[in-house]
Amino acid sequence: MLLINNNKETKLYKEMLAEIFYSGCKNSEKIGVESEKLIVYKKNLKAIAYKDIVKVLNSFDENKWKKLYEGNNLIGLEGKIGNITLEPGSQIEISLKPFEKLKDITENLMQFYSDLSVYTEKINAMVFDYGIQPVSTYENIKIIPKKRYEYMTKYLPLKGSEPFIMMRETAGIQANFDYKSEHDAISKLSLALKMSPFISAIYSNSSYRNGKLTEFKSNRAESWLKVDEARCGYISKKLFDSPENFSFSDYIDILLDIPMIFVNRNGTYFGTTQTFREFMNNGLMGMKAQISDWENHISLYFPDVRLKSYIEIRNHDAQNAIMTFSVPAFWKGIMYNPDAIKEIQKILSKYKYEDFINLRKETPKFGIKTRLGKFYIIDLIKEFFDISFESLKENKSGEEKYLECVYEYITLKRVPADNFKI
């Protein structure tokens, strides 16, 4: 479907662009999880090469997983429970289809982790439960042969000082949640953005880099600050000051003025620094904007919390299995309980936009020992987890058990990074 922007059709084209967001309005309360893993060689902990991660992909049961190629290059697998894909530096990711019960999520993740461990063992490699490569740096990690990453590699250095750390070295966890309406979507987007530096802090798990202990609790979170602020920042001050006045239309206007990076036409890529608005107005090399271009453009916008046809919360370092399970559990206790949302909104209402800006900059270094006013943020983090714990407990399904591992860190005032040594 073509998208053309002119004065007569302005209202029509914005309705078309908004359809992907309105299509997400539903009454279901499912949870999606995306878990990235680093694979390293046992003998030296260096990052795995593409040629070897392909061997791992080829080991998965062909009766359960369909191979996905770009040209002649294997780049992922498609299965009934979700997709397995490769990230730029040969990190491997499973994107589970949405489930309602945490039990279904944990069982499917455990099966994937188990299979992955077996298959990496065959090539003398191992799964490394960490948020950043412990030894290899991006200079020694080649991007996989995927055009999307090739064009990101060309574009992002124009906007940030260290985008390749994020692309090639890091691994994280994402949790995705449904929304019932536009109001519900914006409310959840605003709240999750405000909470993101706090939750990123307690999940800090990437303090070692290049074989050395650094000054940061989360080098992964720090690397995102140096990618592209317009593309990776807090979206809009309005989401912090007056989210009730923010809408899908506002989100669209922001995306329209973000450069596109590339246009894909049937597997042929064209690099561009045009904004999407310029593309709709002027085209590119005779090409007109299509809905598929808009969908691709949305996927190249990288704030800590992102709006699609669901809310995608993206700001957690990769963890071991038990800590990974706690991520969707924590957010489920908040996102699907209106009382929990109101309670946290009230707690955070006393803080200004500038406070959250500072937190985002400081938590990668100081983690839970970041100050907010006179206090350390660990106290607020505990409040958030208490609210989620009680919310999950109300369901009488026992899902609050998934948060116990995090309480161990909260009690000791530590984070996973504090337990790691090479």
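Look up: the structure comes first, before these words.
All figures in this text were calculated on a predicted structure; none of them were measured in a lab. For every chain, the first residue of the written sequence is number 1, and numbering continues from 1 along that sequence. For this predicted model, a pLDDT threshold of at least 70 governs which residues receive local features, and a threshold of 80 or more governs which side-chain atom pairs are given and counted, while totals over whole chains, interfaces and linings are taken from all residues. Each side-chain value is derived from all of the structure's non-hydrogen atoms; neither hydrogens nor water enter the calculation.

This part covers the overall build of the protein chain. Numbering goes from the N terminus for both helices and strands, where a helix is a DSSP run of H or I of at least four residues and a strand is a run of E of at least two. Each helix and strand counted, the protein chain has 17 helices and 17 strands in total. It only takes one pair of heavy atoms within 4.5 Å for two residues to be counted as in contact. When contacts within the protein chain are restricted to residue pairs at least 6 apart in sequence, long-range pairs at least 24 apart make up 72% of them. Lys and Arg are tallied as positive, Asp and Glu as negative. Neither His nor the chain termini are counted. The location of each charge is read from NZ of Lys, CZ of Arg, CG of Asp or CD of Glu. For the protein chain, the distance from the average site of its 61 positive side-chain charges to the average site of its 56 negative ones is 3 Å.

Our focus in this paragraph is the side chain of Arg231. Here Arg231 shows up in helix H8 (residues 229-232). Polar contact criterion, stated in full: a pair of N or O atoms within 3.5 Å, where within protein one must be able to donate a hydrogen and the other to accept it, and residues adjacent in sequence count only if both atoms are side-chain atoms. Polar contacts involving the side chain of Arg231 include one to the side chain of Tyr155, which spans 3.4 Å. Among the polar contacts listed, one links the side chain of Arg231 to the backbone oxygen of Pro259, at a separation of 2.8 Å. In contact with Arg231, not counting residues within four places along its chain, are Tyr155, Leu156, Ile258, Pro259, Ile261, Leu300, Tyr301, Phe302 and Pro303.

Let us now look at the layout of surface pockets. Within this model, the second largest pocket holds a volume of roughly 450 Å³. The wall of the second largest pocket is formed by 21 residues, among which His183, Ser187, Lys188, Ile341 and Gln345 lie closest to the centre. Put plainly, a pocket is an open set of points on a 1 Å grid over the protein atoms alone with protein on both sides within 12 Å along at least five of seven lines, a cavity is a set where a 1.4 Å probe fits but cannot get out, and a lining residue has an atom within 4 Å of a point. Grid points are joined across faces, edges and corners, and a volume is the space filled by probe spheres set on the points.

Turning next to helix H4 (residues 147-155). The buried label goes to any residue with under 20% of its type's maximum accessible area, the exposed label to any with over 50%, and the partly exposed label to all in between, with areas taken from a 1.4 Å probe on protein chains only. Within H4, burial applies to Arg148, Tyr149, Tyr151, Met152, Thr153 and Tyr155. For H4, the secondary structure elements touched by its buried residues are strand E5 (82-86), helix H5 (163-169), H8, strand E11 (259-265), strand E12 (268-275) and helix H12 (291-299).

Here, a salt bridge means any side-chain nitrogen of Lys or Arg that lies within 4 Å of a carboxyl oxygen of Asp or Glu. Taken as a whole and judged by the stated rule, the model has 30 salt bridges. Across the pair Lys55 and Asp52 runs a salt bridge, and its minimum N-O distance is 3.1 Å. Highlighted residues: Lys55 and Asp52, both in helix H2 (residues 50-59), separated by three residues, approximately one helical turn. Owing to a relative accessible area of 44%, Lys55 belongs among the partly exposed residues under this scheme. Owing to a relative accessible area of 7%, Asp52 belongs among the buried residues under this scheme. A salt bridge links Glu169 to Arg209, with the nearest nitrogen and oxygen atoms 2.7 Å apart. One end of the pair, Glu169, is in helix H5; the other, Arg209, is in strand E9 (residues 208-209), with 40 residues separating them in the sequence. Counted as one network, the salt bridges with shared partners bring together Lys14, Asp253, Asp257 and Arg277.

What follows is about the packing of helix H6 (residues 182-202) against helix H16 (residues 378-394). An axis is simply a line fitted to the C-alpha atoms; with a helix, the fit covers only the stretch in contact. Between two such axes, the angle follows the N-to-C directions and lies from 0 to 180 degrees. Relative to each other, H6 and H16 sit at 95°, their axes nearing to 10 Å. One way to sum up the angle between H6 and H16 is to call them roughly perpendicular. When H6 is examined against H16, the residues Met195, Phe198, Ile199, Ala201 and Ile202 are found in contact with a partner set consisting of Ile378, Leu380, Ile381, Phe384 and Phe385. Nonpolar residues are Ala, Val, Leu, Ile, Met, Phe, Trp, Tyr, Cys and Pro. Charged residues are Asp, Glu, Lys and Arg, and all others, Gly as well, are polar. Classifying every residue of the contact of H6 with H16 by side-chain character gives ten nonpolar, no polar and no charged. Working definition: roughly parallel below 35 degrees, roughly antiparallel above 145 degrees, roughly perpendicular at 65 to 115 degrees, and oblique for all remaining angles.

Taken together, the side chains of Asp339, Glu343, Asp379, Glu383, Glu390 and Glu394 present a region of like negative charge at the surface. Elements with a contribution of two residues or more to the negative patch: helix H14 (338-348) and H16. A per-element tally of the negative patch places H16 first, with four residues. To count toward a patch, a residue needs a relative accessible area above 30% and no salt bridge. Like charges then connect within 9 Å, nonpolar side chains (Val, Leu, Ile, Met, Phe, Trp, Tyr) within 5 Å. In these tables, accessible area is a Shrake-Rupley quantity obtained with a 1.4 Å probe, and a residue counts as shielded only by the protein chains included in the view.

Here we take up unusual backbone geometry. Positive phi values are uncommon outside glycine, yet Asn124 reaches one of about 60°. Within the fold, Asn124 resides in the loop between helix H3 (102-121) and strand E7 (125-128). For Asn124, a relative accessible area of 53% corresponds to the exposed category. Backbone geometry at Asn210 places phi at a positive 60°, although glycine is not the residue there. Summarising the element assignment, Asn210 is placed in the loop between E9 and strand E10 (212-213).

Next up on the list: the packing of H6 against helix H10 (residues 248-256). In contact at an axis separation of 10 Å, H6 and H10 are set at 60° when each is read in the N-to-C sense. By the angle between their axes, H6 is oblique relative to H10. Residues Glu182, Ala185, Ile186 and Leu189 of H6 touch H10, and the partners they reach there are Phe248, Ser249 and Tyr251. When its residues are assigned to classes, the contact of H6 with H10 shows five nonpolar, one polar and one charged.

The next thing to look at is the packing of aromatic side chains. The geometry of an aromatic ring pair is captured by the separation of the ring centres together with the interplanar angle, meaning the angle of the planes. Pairing of aromatic side chains requires ring centres within 6.5 Å, counting the rings of Phe and Tyr and the six-membered ring of Trp. Pairs whose planes differ by under 30 degrees are stacked, by over 60 edge-to-face, and all others tilted. Within the structure shown, the criterion is met by 30 aromatic pairs. Measuring from centroid to centroid gives 6.1 Å for Phe60 and Trp65, while their planes differ by 75°, and the two rings are edge-to-face. Here Phe60 and Trp65 have matching classes, each one buried. Grouping aromatic residues by their ring pairs yields a cluster made of Phe21, Tyr22, Tyr179, Phe248, Tyr251 and Tyr301. Over the ring of Tyr151 we find Lys154; its NZ or CZ atom is 4.6 Å from the centre of that ring. Only when the NZ of Lys or the CZ of Arg is both within 6 Å of the ring centre and within 35 degrees of the ring normal is a charge said to sit over the ring.

The nonpolar side chains of a soluble globular protein tend to be buried with one another. Core analysis: the largest hydrophobic core is formed by 130 residues, its most contacted members being Phe198, Ile202, Trp331 and Phe385. Top contributing element to this core by residue count: H6, with eleven residues. Dropping the residues within four chain positions of it, Trp331 is found in contact with Ala175, Phe177, Ala192, Met195, Ile199, Ile313 and His316. Here the nonpolar core consists of buried residues drawn from Ala, Val, Leu, Ile, Met, Phe, Trp, Tyr and Cys, with membership extended through side-chain atoms lying within 4.5 Å. Among the nonpolar cores identified, the runner-up in size contains eleven residues, and Val40, Phe128, Tyr130 and Phe420 belong to it.

Every α-helical turn comprises 3.6 residues, leaving residues that sit three or four positions apart pointing alike. With 14 residues, helix H15 (residues 353-366) should cover 20 Å at 1.5 Å per step; its first-to-last C-alpha distance of 20 Å lies within 8% of that length. Axes are fitted to the seven residues ending at a residue and to the seven starting at it; the angle between these axes is taken as the bend at that residue. Residue Arg360 marks the point of greatest curvature in H15, where the axis turns by about 30°; the proline Pro364 follows within four residues. Residues of H15 that are buried: Tyr353, Phe356, Leu359, Arg360, Thr363 and Pro364. As for H15, its buried residues are in contact with H6, helix H7 (219-224), H8, helix H9 (238-241), H14 and strand E16 (371-372). Helix span, expected: 1.5 Å multiplied by one less than the number of residues in the helix.

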